[in-house]
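Per-entry structural report
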Amino acid sequence: MAHDFWEELRDVPGEDALLTKGGMKISFSRRELSDYFNILLEKRPLEILAGETAYWVLIPSLIAVYSFPVLLFITKKIGYSLLAALGLMMSMSLFNQSSYNYFINKYLVKPASSNIPKLLINMIFAILLYRNGYSILYALLPFIWYILVDRIPIIYLLSELLMLRVKTWMYNLADPDGVLRQVGWYWAKKHNLEQSETGRVQGKKPDTT
């Protein structure tokens, strides 16, 4: 159901911005977004678009969390695993505004964002590393990476800071605003709504049949 993505929004005092219950900040007012998405919001409310956005922006950090323990177990090289996971995270961050898919978001991204599968994969690979003769500290590296990327996201925030200028240059918007725009475009096309050159929803496309 679409309501699976419902995310309450509140105005940020003194700013033309909105804040989700989960703490994601959208740097546009409700009026600006209503004007941009227009008739789309009758079919898909802003709260649902924001909820979809809140999960889609997690893809870079999720890729990093899930890839590191696998890479570490396969390569047994800490430096290579760290650089590869970081590279994957930054690559996904760079392109997460370029596309959107509802079914991937609902059936893959949203379940993967739960703490249970994150902890489970780290636990499995920690056990595998330890049983292969590595020290407890070495086996706990996936958990340390998970904490620094997801729970206390120092590494994730630093990588996003490094990517900010490039993403703004590529898309004219930083996350999550650019992702919200992409989500809106996805649903505008799904509902056969006409858009301007800037992507603003203008109304129903004329029937050419």
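Overview of the structure. What you see is a predicted model, and the numbers here were worked out from it, not measured in a lab.

Some points on the overall build of the chain
- Scanning the chain from N- to C-terminus turns up eleven helices and five strands.
- Principal-axis analysis of the C-alpha atoms places the extent of the chain at approximately 65 × 40 × 30 Å.
- For the chain, buried positions account for 44% of its 209 residues.
- Here the analysis covers contacts within the chain between residues at least 6 apart in sequence; of these, 65% occur between residues at least 24 apart.
- Carbon and sulfur atoms provide 64% of the accessible area of the chain, an area that totals close to 11700 Å².
- Here the chain contributes 22 positively and 18 negatively charged side chains, and the mean placements of these two sets differ by 9 Å.

Observations regarding the pairing of strand 5 (residues 201–204)
- The pairing of strand 4 (residues 193–195) with strand 5 spans three bridges and is classified as antiparallel. Residue pairing in the sheet places E194 in a bridge with G203 of strand 5.
- Here strand 4 folds back onto strand 5, and the loop between the two strands holds five residues, one of which, G199, carries a positive phi near 95°.

Observations concerning the packing of helix 4 (residues 59–75) against helix 9 (residues 141–151)
- Across the interface, helix 4 lies against helix 9 with an axial gap of 10 Å and an inter-helix angle of 165°. The pairing of helix 4 with helix 9 is recorded here as roughly antiparallel in orientation. Crossing hand, helix 4 versus helix 9: right-handed. Contacts between helix 4 and helix 9 involve S61, A64, V65, F68, P69 and L72 from the former and L141, P142, W145, Y146, V149 and D150 from the latter.
- Class assignment for the residues of the contact of helix 4 with helix 9 results in ten nonpolar, one polar and one charged.

Points about the environment of M89
- Following the sequence through the fold, M89 ends up in helix 5 (residues 78–95).
- Looking at M89, the relative accessible area reads 0%, which means it is buried.
- When the C-alpha positions of M89 and P117 are compared, they lie 18 Å apart, and in sequence the two are 28 residues distant.

Criteria and cut-off values
Residues numbered from 1 in each chain as written. Predicted model: local features only at pLDDT ≥ 70, side-chain atom pairs only at ≥ 80, totals over all residues. Heavy atoms only, no water. Helix = DSSP H or I, 4+ residues; strand = E, 2+ residues; numbered from the N terminus. Buried < 20%, exposed > 50% of the residue type's maximum accessible area, 1.4 Å probe, protein only. Contact = heavy atoms within 4.5 Å. Areas by Shrake-Rupley, 256 points an atom, 1.4 Å probe, with all protein chains shown as cover. Lys, Arg positive; Asp, Glu negative; His and termini not counted. Charge placed at Lys NZ, Arg CZ, Asp CG, Glu CD. Pairing = 2+ DSSP bridges. Axes fitted to C-alpha atoms, helices over the stretch in contact; angles between N-to-C directions. Parallel < 35°, antiparallel > 145°, perpendicular 65-115°, else oblique. Left-handed = near helix turned anticlockwise from the far one by under 90°. Nonpolar A, V, L, I, M, F, W, Y, C, P; charged D, E, K, R; others polar.

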